[in-house]
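Structural features, examined
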Amino acid sequence: MARDGTKTGGRRKGSTNKIKSDLREKITEFLGGNFAHIKRTFMNLEPRDKMKFYTDLLQYGLPKLQATSLDFDLNQLSDKQLDQLFNKIIEAFKNNNAT
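We now turn to the structure provided with this report. (Residues numbered from 1 in each chain as written. Predicted model: local features only at pLDDT ≥ 70, side-chain atom pairs only at ≥ 80, totals over all residues. Heavy atoms only, no water.)

1. Describing the overall build of the chain
Note the following rule: Numbering goes from the N terminus for both helices and strands, where a helix is a DSSP run of H or I of at least four residues and a strand is a run of E of at least two. Each residue's exposure class comes from its accessible area (1.4 Å probe, protein chains only) as a fraction of the maximum for that residue type: buried when under 20%, exposed when over 50%, partly exposed otherwise. Whether two residues are in contact is decided by their heavy atoms, any of which lying within 4.5 Å being enough. What sets the accessible areas is the Shrake-Rupley method with a 1.4 Å probe; for residues, cover comes only from the shown protein chains.
Looking only at helices and strands, the chain has four helices and zero strands in total. N-terminal to C-terminal, the α/β element order of the chain is α-α-α-α. Counting every position in the chain, which comprises 99 residues, the buried fraction comes to 8%. Taking contacts inside the chain between residues at least 6 apart in sequence as the whole, the part at least 24 apart equals 59%. On the chain, roughly 9,100 Å² of surface is accessible, and the fraction owed to carbon and sulfur atoms is 55%.

2. Some remarks on the packing of helix H3 (residues 47-61) against helix H4 (residues 79-97)
Quick reminder of the rule: Throughout, an axis means a line fitted to C-alpha atoms (over the contacting stretch in the case of helices), and angles, computed between N-to-C directions, take values from 0 to 180 degrees. Helix crossings are classified by the rotation of the near helix relative to the far one: an anticlockwise turn of less than a right angle makes the crossing left-handed, while a clockwise turn makes it right-handed. When residues are sorted by character, Ala, Val, Leu, Ile, Met, Phe, Trp, Tyr, Cys and Pro go into the nonpolar class, Asp, Glu, Lys and Arg into the charged class, and all the rest, Gly among them, into the polar class.
Where H3 meets H4, the closest approach of the two axes is 8 Å, and the angle between their N-to-C directions is 35°. Helix-helix and strand crossings are classified by hand; for H3 and H4 the assignment is left-handed. On the side of H3, the interface is formed by Pro47, Arg48, Lys50, Met51 and Tyr54, while H4 contributes Asp79, Leu82, Asp83, Leu85, Phe86, Ile89, Ile90 and Phe93. Residue classes in the contact of H3 with H4 are distributed as nine nonpolar, no polar and four charged.

3. Focus: the environment of Leu82
Note on placement: Leu82 falls in helix H4. Along the primary structure Leu82 and Arg48 are separated by 34 residues, whereas in three dimensions their C-alpha atoms are 6.5 Å apart.

4. Here we look at the pattern of salt bridges
Put simply, the rule reads: A pairing counts as a salt bridge when a side-chain nitrogen of Lys or Arg comes within 4 Å of a carboxyl oxygen of Asp or Glu.
Within the structure shown, the criterion is met by two salt bridges. Here Asp79 makes a salt bridge to Arg48, at a shortest N to O gap of 3.8 Å. Residue Asp79 is found in helix H4, and its partner Arg48 is found in helix H3; the two are separated by 31 residues along the sequence. Judged by its relative accessible area of 30%, Arg48 falls in the partly exposed class. A salt bridge links Lys52 to Asp56, with the shortest nitrogen-to-oxygen separation between them at 2.8 Å. In this pair, Lys52 and Asp56 are both assigned in helix H3, four residues apart and thus about one turn of the helix distant.

And the structure:
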């Protein structure tokens, strides 16, 4: 940037970031090519780890609408409660995608 604040180079405002889109494509290819293995590994995780894994991957499968905050600590839930919560989320997701 010039001393007066005008932009003198780099990407134009609003243009796509090539590195970011390439990385996203590589992650998608990796996940697709290893889906069966990832699914088997996922099924062997503890409930708390399943929930973390699932919520971490959501950002790659769903568009970000806006930031939200959770006002509770997952560590305060029992494994049974985490399993129930996870199953409800999956069921709701399936119901929303069935239409």
